[in-house]
Amino acid sequence: QVQLVESGGGLVQAGGSLTLSCAASGSTFTIHNMGWYRQAPGKQRELVAEISRGGSTNYGESKKGRFTISRDNAKNTVYLGMNTLAPEDTAVYYCRAEDVLRRNFWGQGTQVTISS
């Protein structure tokens, strides 16, 4: 099993920046992909970005440019840098880990609120 704990969310003014962190524990040696998803009120959860153990990245639609995903395998941590934030980026941001058996693990989420 893998446990994920997100941190770094909060309230930011429009135009600002924020970096989220997600620390994994448990059977971390089994983790292959890690990523960030977000869910705004009344909307479906959507991919922000994901990164493989080897560092290959994949960004959700219209996410590349303002969002940057990175990963520190030694610390079992994935990061999401967010720039030029806008009110429409307000959402709960969730960390996901996929292990080599393709099982998915989710964090509890961290709230990001962008004020106009």
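Heads up: these notes are all about the structure in this document. Residue positions within a chain follow its written sequence, with the count starting from 1. The predicted origin of the model limits local features to residues at a pLDDT of at least 70 and limits the giving and counting of side-chain atom pairs to 80 or more, whereas totals for whole chains, interfaces and linings rest on all residues. Excluding hydrogens and water, the side-chain values take into account all heavy atoms of the structure.

Some words on the overall build of the chain
Helix and strand labels come from DSSP, where a helix needs a run of H or I of at least four residues and a strand needs a run of E of at least two; each type is numbered from the N terminus. For the chain, the helix and strand inventory stands at zero helices and 11 strands. Going from N to C terminus, the chain has its helices and strands arranged as β-β-β-β-β-β-β-β-β-β-β. Our radius of gyration is a C-alpha quantity, and the globule rule it is checked against amounts to 2.2 Å times the number of residues to the power 0.38. In terms of overall size, the chain behaves like a compact globule, its C-alpha atoms giving a radius of gyration of 13 Å where 116 residues would be expected to give roughly 13 Å. Each principal axis of the C-alpha atoms in the chain carries an extent, and together these give about 40 × 25 × 25 Å. For the chain, the proportion of its 116 residues judged to be buried stands at 46%. Sequence-distant contacts in the chain: of pairs separated by 6 or more residues, those separated by 24 or more amount to 51%. By the counting rule applied here, Lys and Arg register as positive and Asp and Glu as negative, while His and the ends of each chain are not counted. Where a charge lies is defined by one atom per residue type: Lys uses NZ, Arg uses CZ, Asp uses CG and Glu uses CD. Positive and negative charge centroids in the chain, built from 12 and 9 side chains respectively, lie 3 Å apart. A simple rule labels every residue: compare its accessible area, found with a 1.4 Å probe on the protein chains alone, to the largest value its type can have, and call it buried under 20%, exposed over 50%, or partly exposed in between. Any two residues whose heavy atoms approach within 4.5 Å at even a single point are treated as in contact.

Considerations on unusual backbone geometry
Of note, threonine 84 is a non-glycine position whose phi angle comes to about 45°, a positive value. Inspection of the secondary structure assignment puts threonine 84 in the loop between β8 (77-82) and β9 (91-99). Notably, arginine 102 is not glycine yet its phi reads approximately 65°, a positive angle. Within the fold, arginine 102 resides in the loop between β9 and β10 (104-106). Judged by its relative accessible area of 65%, arginine 102 is exposed.

Quick look at the pattern of salt bridges
The salt bridge definition used is simple: a Lys or Arg side-chain nitrogen within 4 Å of an Asp or Glu carboxyl oxygen. As enumerated under the stated definition, the model contains seven salt bridges in all. Between arginine 38 and aspartate 89 there is a salt bridge, and its shortest N-O distance comes to 2.9 Å. Here arginine 38 is found in strand β4 (residues 31-39), whereas its partner aspartate 89 is found in the loop between β8 and β9, with 51 residues between them in sequence. Residue arginine 38 shares its accessibility class with aspartate 89, and that shared class is buried.

Concerning the state of the cysteines
The disulfide criterion is simple: two cysteine sulfur atoms within 2.5 Å. Across all of its chains, the model carries one disulfide by this definition. Residue pairing for cysteine 22: its cysteine sulfur links by disulfide to cysteine 95, the two sulfurs lying 2.1 Å apart. Residues cysteine 22 and cysteine 95 are joined through a disulfide that is left-handed, its torsion about the S-S bond being -80°. Placement of the pair is cysteine 22 in strand β3 (residues 18-26) and cysteine 95 in strand β9, with a sequence separation of 73 residues. This pair shows no difference in class: cysteine 22 is buried, exactly as cysteine 95 is.

Let's talk about the environment of valine 112
Take valine 112: it is sitting in strand β11 (residues 110-115). Overall, valine 112 belongs to the buried group, its relative accessible area being 0%. For the pair valine 112 and glycine 35, spaced 77 residues apart in the sequence, the C-alpha separation amounts to 16 Å. Other than its neighbours up to four places away in sequence, valine 112 contacts Gly9, Gly10, Leu18, Leu20, Met82, Asp89, Thr90, Ala91 and Tyr93.

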